[in-house]
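For reference, the chains in residue letters:
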Amino acid sequence: MINHVWGLIHHPDKEWRAINEEHETVSHMFYHHVLWMAAIPVVSTFIGTTQFGWTIGNESIKVSMMDGLWLGLLFYALILVAVAAVGSVIHWMARNHANRPPRQECIVFAGYIATPLFLSGLVAIYPIIWLCLLSCVVGIIYTGYLLYRGTPSFLGISNKQGFILSSTTLGIGVLVLEALLAAVVLIWSLGSEHSIIWKFF
């Protein structure tokens, strides 16, 4: 639930044990955690792109409120799909382990792992490219830390096995994140006449 956020940041080992004991459903986790946390980067980006705009050189590129609203909804949907995709990857990666949890629990696990990335989206309120990139890197690092700390207890495997599985999952997760970021840049640029997409039409 949303009250796990502080625990995952402050004392992740204790919080992972609490999360594992809850056996939360996907719908419950989405309603009480992901839907709220995923709104942070969406709302922040909406405010940043409509009120301040991305500064490229001496030019500030903004989108209209209406365009920002529709693009924000699309961005939000992509985030939710990405969480489910990473959860499915974790489930697939755990296929050779005796204590392989069901796909639903893997998606719940992925939803909590993404917490630092959700929080890092807050800096998009004032979209400075280097600051957003730095925040994203910090979010990835802490997400990786949560993954390494949580995987062994979540799957009931050794730390060595957890390290191997976590490394592979993190690599795939970063690829998913990069694809999501590329999609986000293209999506949010649609509201501007300077979008790279319009050059093809």
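Within each chain, residue numbers correspond to sequence positions counted from 1 in written order. Only residues with pLDDT of at least 70 are given local features in this predicted model, and only at 80 or more are side-chain atom pairs given and counted; all residues enter the totals for whole chains, interfaces and linings. Side-chain measures here rest on the full set of heavy atoms in the structure, leaving out hydrogens and waters.

The numbering of helices and of strands both runs from the N terminus, where a helix is a DSSP run of H or I of at least 4 residues and a strand a run of E of at least 2. Of the regular secondary structure elements, the chain holds 9 helices and 2 strands. The helix and strand sequence of the chain, counted from the amino end, reads α-α-α-α-β-β-α-α-α-α-α. Long-range pairs, those at least 24 residues apart, make up 67% of the contacts in the chain between residues at least 6 apart in sequence. Using a 1.4 Å probe, the Shrake-Rupley method yields the accessible areas, and only the shown protein chains count as cover for residues. On the chain, roughly 10900 Å² of surface is accessible, and the fraction owed to carbon and sulfur atoms is 71%. Contacts are residue-level and defined by heavy atoms, with any inter-residue pair within 4.5 Å sufficient.

Turning to the packing of helix α3 (residues 26–37) against helix α6 (residues 103–113), a few remarks are in order. At a minimum axis distance of 9 Å, the contact between α3 and α6 shows a crossing angle of 10°. On the basis of the axis angle, α3 is roughly parallel to α6. Residues Val26, Met29, Phe30, His33 and Val34 of α3 form the contact with α6, whose own contacting residues are Gln104, Ile107, Val108, Gly111 and Tyr112. Side-chain classes are defined by residue name, with Ala, Val, Leu, Ile, Met, Phe, Trp, Tyr, Cys and Pro counting as nonpolar, Asp, Glu, Lys and Arg as charged, and the others, Gly among them, as polar. Taken together, the residues of the contact of α3 with α6 break down into 7 nonpolar, 3 polar and no charged. Here an axis means a line fitted to C-alpha atoms, over the contact stretch when the element is a helix, while the angle between two N-to-C directions is reported on a 0 to 180 degree scale. Convention used here: angles under 35 degrees read as roughly parallel, angles over 145 as roughly antiparallel, angles from 65 to 115 as roughly perpendicular, and any remaining angle as oblique.

Attention now goes to the nonpolar core. Generally speaking, soluble globular proteins have nonpolar side chains that are buried together. Grouped together as the largest cluster of nonpolar side chains are 35 residues, with contacts concentrated most on Trp16, Val34 and Phe118. Elements with a contribution of two residues or more to this core: α1 (4–10), α2 (12–22), α3, α5 (65–93), α6, α8 (129–155) and α9 (159–189). Residue contacts for Phe118: discarding those within four places in its chain leaves Val34, Met37, Ala38, Ile40, Pro41, Ile79, Val83 and Gly111. For the purposes of this section, nonpolar cores are sets of buried Ala, Val, Leu, Ile, Met, Phe, Trp, Tyr and Cys residues that join through side-chain atoms within 4.5 Å. Classification of residues uses two cut-offs on accessible area relative to the type maximum, computed with a 1.4 Å probe and protein chains only: under 20% is buried, over 50% is exposed, and between them is partly exposed.

Its location among the elements puts Val86 in helix α5. Expressed as a C-alpha distance, the spacing of Val86 and Gly173, which sit 87 residues apart in the sequence, is 6.2 Å. With near-sequence residues (within four places) excluded, Val86 lies in contact with Ala110 and Val176.

Turning next to the packing of aromatic side chains. Two rings from Phe, Tyr or Trp (for Trp, the six-membered ring) form a pair when their centres are within 6.5 Å of each other. A pair whose planes differ by under 30 degrees is stacked, one over 60 is edge-to-face, and the rest are tilted. Applying the stated criterion across every chain, the model contains 4 aromatic pairs. With a centroid separation of 4.9 Å and an interplanar angle of 75°, the aromatic rings of Phe52 and Tyr126 are classed as edge-to-face. Separated by 74 residues along the polypeptide, Phe52 in helix α4 (residues 39–52) and Tyr126 in the loop between α7 (115–120) and α8 bring together distant segments of the chain. Since its relative accessible area comes to 37%, Phe52 is described here as partly exposed. Residue class for Tyr126 comes out partly exposed when judged on its relative accessible area of 49%. Considering the side-chain rings of Tyr148 and Phe163, the 5.3 Å spacing of their centres and the 25° angle between planes classify their relative orientation as stacked. With Tyr148 in helix α8 and Phe163 in helix α9, this pair connects stretches of sequence that are 15 residues apart. Lying over the aromatic face of Trp92, Arg95 brings its terminal NZ or CZ to 4.0 Å of the ring centre. Placement of a charge over a ring requires the Lys NZ or Arg CZ to be within 6 Å of the ring centre, with the centre-to-atom vector within 35 degrees of the ring normal.

In this section: the side chain of Glu15. Along the chain, the position of Glu15 falls in helix α2. Under the convention used here, Asp and Glu are negative, Lys and Arg are positive, and both His and the chain ends fall outside the count. A pair is scored as a salt bridge if a Lys or Arg side-chain nitrogen falls within 4 Å of a carboxyl oxygen belonging to Asp or Glu. It turns out Glu15 is buried and unbridged, and the closest side chain with the opposite charge, Lys14, is 6.7 Å from it. Every residue in contact with Glu15, bar those within four places of it in the chain, is listed here: Asn3, His4, Gly7 and Leu8.

If pLDDT is low for a region, its predicted coordinates should not be looked at in detail. In the predicted model, the chain carries a mean pLDDT of 80, and the fraction of residues at 70 or more is 86%. At the level of individual helices and strands, the chain shows its lowest average pLDDT in strand β1 (residues 54–56), which scores 68, and its highest in α7, which scores 91. Low pLDDT, under 50, characterises residues 196–201; the predicted model gives this stretch 8 contacts beyond four residues in sequence or across chains. The predictor's confidence in any single residue is recorded as pLDDT, a number from 0 to 100.

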